[in-house]
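So the chains spell out like this:
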Amino acid sequence: MDLGVGLTLFTSGYVARQVRNANQGLIKRIIRSMSGASPILIIGVVRLILVKAVNYQEHVSEYGVHWNFFITLSVVSFVAPFIRLSPNGYFIAGIGLALVYQAFLSLGLDNYILYAPRDNFFSANREGILGTVGYLAIYIIGMSVGAFLQSIPDAKLKEINIYKVFLRHIVWKLLVILALLLICINIPAIGEVSKRMMNASYVFWVCLHDLLLLIVWTTNEGADIPNRKLDLLEAVNFNQLIVFLVANNLTGAINLTFKTIYMSDIESLIIITGYMFLLSAFALILYYRRWRIKFW
């Protein structure tokens, strides 16, 4: 889960509207961003109300008392339109933001996150609010990959092997991120990967995984090997947000119905199998009937 939320931010940056429509003016970028981020913010608020209403178990050390991942995603989406750089500019800015935030952590912000009393709104949600900076760094690094693809002129696409060009681009970025990750985890003031701190090690760890996945995908797509797309993967991709929401709510329903911490291995396996069957069936039914559920 710690990796999954980070990969979501990286991928969101990779396909961000301001990357795909780089020539749009600031006002239009802001309007389009708000139209996409507002439903996510609403989902975050509704989730907060429902969680409090049913007294659902939650770990406040993850995002705080009132914050959640949907609110973080919406805040990052609201901020992103104000950032407009070159492909390498995005990459440098993302790394720079992660390192600047890490400097504040090393100077004492980490102690505030760990030990401060939750006596006001900011302090009560410090993990979610401050962690947004780290998520934004991941998002911007993701934007650098998408911006590189968009920077290639259409006329030139016919003259080059786009897969080889893209692969070389990803590899050099991966090597930079790998070097930064190795440096960070060997500096005592930074240390190992921590999602709660949203430290530089976590940011680079997430980006490393996503770049590795892009290398696997690019190598597979660029190879002259017949491959068949899996319907289940296509189905999830067809309705990503709705499938995620259903999965999230189904998980909550299971936790409210069963005392999962006391279940045996066999019982847990049965629950997980049933969960995956229902979720997969839901995604496939929408896909086969071509029902795309989108609120904006």
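Anything mentioned here points back to the structure above.
Quick look at the structure, then. No experiment lies behind these values; they were computed from the predicted model shown.

1. Structural notes on the packing of helix α1 (residues 2-14) against helix α8 (residues 126-150)
In step 1: As a packed pair, α1 and α8 sit with axes 6 Å apart at the nearest point and diverge in direction by 40 degrees. With respect to their mutual orientation, α1 and α8 come out oblique. Two packed elements cross with a definite hand, and for α1 against α8 that hand is right-handed. Between α1, through Val5, Gly6, Leu9, Phe10, Ser12, Gly13 and Tyr14, and α8, the contact on the second element is made entirely by Tyr135, Ile138, Tyr139, Ile141, Gly142, Met143, Val145, Gly146 and Leu149.
In step 2: Its residues placed into classes, the contact of α1 with α8 shows 11 nonpolar, five polar and no charged.

2. Some details on the state of the cysteines
In step 1: Throughout the structure, instances matching the rule amount to zero disulfides.
In step 2: In this model Cys184 remains outside any disulfide bridge; the closest cysteine sulfur is found in Cys207, 11 Å from its own.
In step 3: Classification of Cys207 as buried rests on a relative accessible area of 0%.

3. Side note on the environment of Ile43
In step 1: Turning to its location among the elements, Ile43 is positioned in helix α3 (residues 26-53).
In step 2: Residues Ile43 and Ile92, spaced 49 residues apart in sequence, show a C-alpha to C-alpha distance of 32 Å.
In step 3: For Ile43, the residues in contact, after removing those within four places along its chain, are Phe70, Leu241 and Leu245.

4. Brief notes about the pattern of salt bridges
In step 1: The full count for this structure, using the stated rule, is four salt bridges.
In step 2: The partner of Lys52 in a salt bridge is Glu58, and the shortest N-O contact between them spans 2.8 Å.
In step 3: The exposure class of Glu58 is partly exposed, given its relative accessible area of 34%.
In step 4: The shortest N-O distance in the salt bridge between Glu62 and Lys195 comes to 3.8 Å. Taken together, the residues span a long stretch of sequence, with Glu62 in helix α4 (residues 60-63) and Lys195 in the loop between α10 (162-185) and α11 (200-222) at a distance of 133 residues.
In step 5: Exposure remark for Glu62: the relative accessible area of 33% places this residue in the partly exposed category.

5. Overview of a nonpolar patch on the surface
In step 1: Together, Val171, Leu175, Leu178, Leu182, Ile185 and Val193 line one region of the surface with nonpolar side chains, adding up to about 440 Å² of accessible area.
In step 2: With respect to the helices and strands, Leu182 occurs in helix α10.

6. Notes on the nonpolar core
In step 1: Counting residues in hydrophobic clusters, the biggest one holds 63 residues, and the most contacted among them are Tyr135, Ile138 and Phe204.
In step 2: Those elements that place two or more of their residues in this core are α1, α3, α5 (69-79), α6 (87-115), α8, α10, α11 and α13 (240-257).
In step 3: At 12 residues, the largest contribution of residues to this core is made by α8.
In step 4: Once you skip the residues sitting within four places of it in the chain, Tyr135 turns out to touch Val5, Gly6, Leu9, Tyr63, Thr72, Val76, Lys195, Met198 and Tyr202.

7. As for the packing of aromatic side chains
In step 1: Summed over all chains, the structure comprises eight aromatic pairs.
In step 2: Residues Phe69 and Phe70 carry aromatic rings whose centres are separated by 6.4 Å and whose planes lie at 55 degrees to one another, so their mutual orientation is tilted.
In step 3: Here Phe70 falls in the buried class, since its relative accessible area comes to 5%.
In step 4: Following the ring pairs from residue to residue traces out a cluster consisting of Phe69, Phe70, Tyr135 and Phe244.
In step 5: Cation over ring: Lys195 sits above Tyr63, and NZ or CZ is 4.3 Å from the ring centre.
In step 6: Directly above the aromatic system of Phe238 lies the positively charged group of Arg292, at a separation of 4.1 Å from the ring centroid.

8. Overview of the packing of α10 against α11
In step 1: Relative orientation of the contacting elements α10 and α11 amounts to 155 degrees, with a least axis distance of 9 Å. Here α11 runs roughly antiparallel to α10, going by the angle between their axes. Relative to α11, α10 is oriented so that their crossing is left-handed.
In step 2: By residue class, the composition of the contact of α10 with α11 is 22 nonpolar, four polar and two charged.

About the thresholds
Residues numbered from 1 in each chain as written. Predicted model: local features only at pLDDT ≥ 70, side-chain atom pairs only at ≥ 80, totals over all residues. Heavy atoms only, no water. Axes fitted to C-alpha atoms, helices over the stretch in contact; angles between N-to-C directions. Helix = DSSP H or I, 4+ residues; strand = E, 2+ residues; numbered from the N terminus. Parallel < 35°, antiparallel > 145°, perpendicular 65-115°, else oblique. Left-handed = near helix turned anticlockwise from the far one by under 90°. Contact = heavy atoms within 4.5 Å. Nonpolar A, V, L, I, M, F, W, Y, C, P; charged D, E, K, R; others polar. Disulfide = S-S within 2.5 Å. Buried < 20%, exposed > 50% of the residue type's maximum accessible area, 1.4 Å probe, protein only. Salt bridge = Lys/Arg side-chain N within 4 Å of Asp/Glu carboxyl O. Patch = residues over 30% accessible without salt bridge, like charges linked within 9 Å, V, L, I, M, F, W, Y side chains within 5 Å. Areas by Shrake-Rupley, 256 points an atom, 1.4 Å probe, with all protein chains shown as cover. Core = buried A, V, L, I, M, F, W, Y, C linked by side-chain atoms within 4.5 Å. Phe/Tyr/Trp six-rings, centres within 6.5 Å; stacked < 30°, edge-to-face > 60°. Lys NZ or Arg CZ within 6 Å of the ring centre and 35° of its normal.

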